[in-house]
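# Report on the structure
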Amino acid sequence: MGKIVDQIMQGRILVSDGAWGTFLQQKGLKAGECPEEWNLSHPDDVYDIAKSYIEAGADMVETNSFGGTCFKLGRYGLGDKVFELNKAAAELSRKAAGNKFVLGSVGPTGKILMMGDVSEDEMYEAFKEQAMGLEAGGADAIMIETMTDLDEARIAIRAAKENTQCEVFCTMTFEKTLSGEFRSMMGISPTDMVNTLVDAGAELIGANCGNGIANMIGIVEEIRKANSAVPVLVHANAGMPVYCDGETHFPETPEEMARLVPELLRAGANIIGGCCGTTPEHIRKVREVLSSTRC
Amino acid sequence: MNEILSKIAGCVEFGKINRAAPYPPHMKDQEGADELTRQALEEGVSAQDILTKGLMPGMERIGIKFRENKVFVPQVLMAAKAMSTALVHLKPFFLTGEVKQKGTFIIGTVEGDLHDIGKNLVSMMVEGNGWEVIDLGIDVKAETFIEALKKHENAIVGLSALLTTTMVNMERIAKAIRAEIPEAKIAVGGAPVTQDFCDRIGADAYSADPQGLVEFLNSLVA
């Protein structure tokens, strides 16, 4: 099967999966419940999500472990189950993926280093424990995502590189400012991101979440201006959520997402998938466009 | 007196905590909010003036720059740190009643939501603008908000949510507060929240940024 980055180096465009959090909610995850706990309590539902993306044509599927550091799990009293929950997450996706790839999802800790919430060492240890659990469960790559702070991203990359054999990927989340630039919550631009993440050892970088796929085109263009070689992944939201009668709805349809895929490729993306609000149908449409264009 | 107050405002605006703090680079080796506030008190400047003519203008300037996307979360956090360092010296005067705060603001992240970065940011901005802030924390139930409102009469309440799924709880909590305390002033905020949502759930104010909330609060006591 080889490595994901090797396939990219051979010129392949790959499809990743869609949303996990919003999919779990559809399956009955309540606000205030710990999503990662479902890896043990509702393994069939978690497996179904992974499987539905593989069946939709994804080349890789993530794991249900976004909030899997001790900092997040600790808020649910599960701080001592980090390894176990992450291993279970990777095992479920591994089982669904067959010969496709598994990306072990690692989200932010929710702690701010510059405020002294935690030390760099504590953060490193938290990411290390999570990454090792994901590797033990069969993850091919560690997918560090939704990062907004460069220091946290750098520490997560280092922890995954130094303690696992997995490929290490990292994406950050950007929004458009009033003046039309892309910045993370902590003020980091895609250009700022590139060198730091690559120097830290990320083998693939990119962007996830955000306000929809249209913005991703500009973000990828900016990344490509700063680095023409590094593999780039995009996990786009299905737009900004709209709230109606007690339910949230993500407005971008599978067709709308698929329509922008050629532009994302022109901008230089190598892997395309979805984030919040995207469904297996979104991934199926993305796969169709790729099959009919160049893959 | 005006000179030292404007220096304090500058320390807050640029997040200069004390002389030893390396941030911001352009104020290296200068006195920070800590030293200047102590010095001002020693010189006989009133604690009230330090709050309203030093700290508040500094917080207002950083709040406006944040709204305009000219600075981001780290700069606001540093400003808030400088502000709270100065506030430590003013706290005794709050307790004696020598310094009057504008009112009380109760804030919490709604039930089911465990995110606190936005809520903390808002609470620091509001405090730095001369309000007493009561932070109920994360995963806060309707009853807890209502209890706090009953305990602090005339307080204004702010509900925060980051997850789209907890907007449902925000709606439920806002309505529960309204049913129990019809005259309550309720503000809502957080990434998925919009003005339209605010209107629909019967809340009184929404702002996309902390400064807008501060302006709303100030308008209630103007």
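Residues numbered from 1 in each chain as written. Chains lettered and ligands numbered in written order. Predicted model: local features only at pLDDT ≥ 70, side-chain atom pairs only at ≥ 80, totals over all residues.

### Describing the sheet that holds strand β4 (residues 186-189) of chain B
Residues and elements named next belong to chain B. Taken together, 5 strands build an open sheet; the order of strands is β2-β1-β3-β4-β5 and the sheet is parallel. Of all strands in the sheet, those with a lone pairing partner are β2 (132-135) and β5 (205-206), marking the two edges. Bridging between strand β1 (residues 104-109) and β2 involves 4 bridges; their strand directions are parallel. By the bridge assignment for β2, T104 is matched with E132. In this fold helix α5 (residues 117-128) packs onto β1, β2, β3 (156-160) and β4, with an angle of close to 170° to the strand it touches most, β1. (Pairing = 2+ DSSP bridges. Helix = DSSP H or I, 4+ residues; strand = E, 2+ residues; numbered from the N terminus. Contact = placed C-beta atoms within 7 Å. Axes fitted to C-alpha atoms, helices over the stretch in contact; angles between N-to-C directions.)

### Considering the UniProt feature "domain: B12-binding" (unreviewed entry) in chain B
According to UniProt, the positions carrying the feature "domain: B12-binding" (unreviewed entry) are residues 102-222 of chain B. With 45% helix and 17% strand, residues 102-222 of chain B has its two end C-alpha atoms placed 9 Å apart. (UniProt positions renumbered as here; feature names shortened; annotations may be inferred.)

### With respect to the sheet that holds strand β5 (residues 167-172) of chain A
All names here are of chain A. Reading across the sheet, the 8 strands line up as β1-β12-β9-β8-β5-β4-β3-β2 and stay open at both edges, with parallel pairing between neighbours. Lying at the two open borders of the sheet, with one neighbouring strand each, are β1 (14-15) and β2 (60-62). Along the sheet, helix α9 (residues 190-200) contacts β5 and β8 (204-209); its crossing angle with β8, the most-contacted strand, is approximately 135°. In this fold helix α10 (residues 213-226) packs onto β8 and β9 (232-236), with an angle of close to 160° to the strand it touches most, β9.

### Quick word on the interface of chain A and chain B
Taken residue by residue, the interface counts 19 residues in chain A and 22 residues in chain B. Its residues placed into classes, the side of chain A that touches chain B shows 9 nonpolar, 8 polar and 2 charged. (Nonpolar A, V, L, I, M, F, W, Y, C, P; charged D, E, K, R; others polar.)

### Section: helix α13 (residues 280-293) of chain A
Residue and element names in this part refer to chain A. Spanning 14 residues, α13 covers 20 Å between terminal C-alpha atoms, matching the ideal 20 Å at 1.5 Å per step. When α13 is considered as a whole, its buried residues turn out to be P280, H282, I283, K285, V286, V289 and L290. Packed against the buried residues of α13 are β1, α4 (43-55), α11 (254-259), α12 (261-267) and β12 (271-274). (Expected span 1.5 Å × (residues − 1). Buried ≥ 20, exposed ≤ 12 C-beta atoms within 10 Å, placed from the backbone.)

### What to know about the packing of α4 of chain A against helix α6 (residues 82-97) of chain A
All names here are of chain A. The interhelical angle for the contact between α4 and α6, taken along N-to-C directions, is 40°, at an axis separation of 8 Å. Classified by the angle between their axes, α4 and α6 sit oblique to one another. When you trace α4 past α6, the crossing you get is right-handed. Between α4 and α6, the residues in contact are P43, V46, Y47, A50, K51 and I54 and L92, S93, K95, A96 and A97, respectively. For the contact of α4 with α6, the class distribution of residues is 8 nonpolar, 1 polar and 2 charged. (Parallel < 35°, antiparallel > 145°, perpendicular 65-115°, else oblique. Left-handed = near helix turned anticlockwise from the far one by under 90°.)

### Considering the packing of helix α7 (residues 120-136) of chain A against helix α8 (residues 150-163) of chain A
To describe two helices that pack against each other, one gives the angle between their axes and the distance between the axes. Residue and element names in this part refer to chain A. The N-to-C vectors of α7 and α8 enclose an angle of 50°; their axes lie 8 Å apart at closest approach. The orientation of α7 with respect to α8, classified from their angle, is oblique. When the axes of α7 and α8 are compared, the crossing they make is right-handed. Only E152, I155, A156, R158, A159, A160 and N163 of α8 make contact with α7, whose side of the interface consists of E120, M123, Y124, F127, K128, A131 and M132.

### Observations concerning the environment of K72 of chain A
Assignment of secondary structure puts K72 of chain A in helix α5 (residues 70-74). Of the residues examined, K72 of chain A has 25 C-beta atoms within 10 Å and is grouped as buried.

### Description of the pairing of β12 of chain A
Residue and element names in this part refer to chain A. Burial along β12 is two-sided: I271 and G273 and I272 and G274, pointing in opposite directions, are all buried. Here β1 pairs with β12 via 2 bridges, running parallel. Each bridged residue has a counterpart across the sheet, and for V15 the counterpart in β12 is I272. Examined bridge by bridge, β9 and β12 share 4 bridges and lie parallel to one another. Its bridge partner lying in β12, A236 is registered against G274.

### Notes on the UniProt feature "domain: B12-binding N-terminal" (unreviewed entry) in chain B
With numbering aligned to this structure, UniProt lists the feature "domain: B12-binding N-terminal" (unreviewed entry) at residues 29-102 of chain B. The span residues 29-102 of chain B carries 74% helix and 0% strand; its end-to-end C-alpha distance comes to 34 Å.

### Remarks on the UniProt feature "binding site: Zn(2+)" (unreviewed entry) in chain A
Residue and element names in this part refer to chain A. Those residues carrying the UniProt feature "binding site: Zn(2+)" (unreviewed entry) are C209, C275 and C276 in this numbering. Separation in sequence by 68 residues is not matched in space for these annotated residues, since their most distant C-alpha atoms are only 6.5 Å apart. Residue position: C209 is located in strand β8. Overall, C209 belongs to the buried group, with 20 C-beta atoms counted inside 10 Å. When residues no more than four places from it in sequence are discounted, the contact partners of C209 are T146, T173, N237, C275 and C276. With respect to the secondary-structure elements, C276 resides in the loop between β12 and α13.

### What about the domain arrangement of chain B?
Residue and element names in this part refer to chain B. Segmenting chain B into domains produces domain 1 (2-96) and domain 2 (104-221). The C-alpha-based centres of domain 1 and domain 2 are spaced at 26 Å. Elements with a contribution of two residues or more to the side of domain 1 that touches domain 2: α3 (47-67) and α4 (73-96). (Domains from an automatic or database assignment.)

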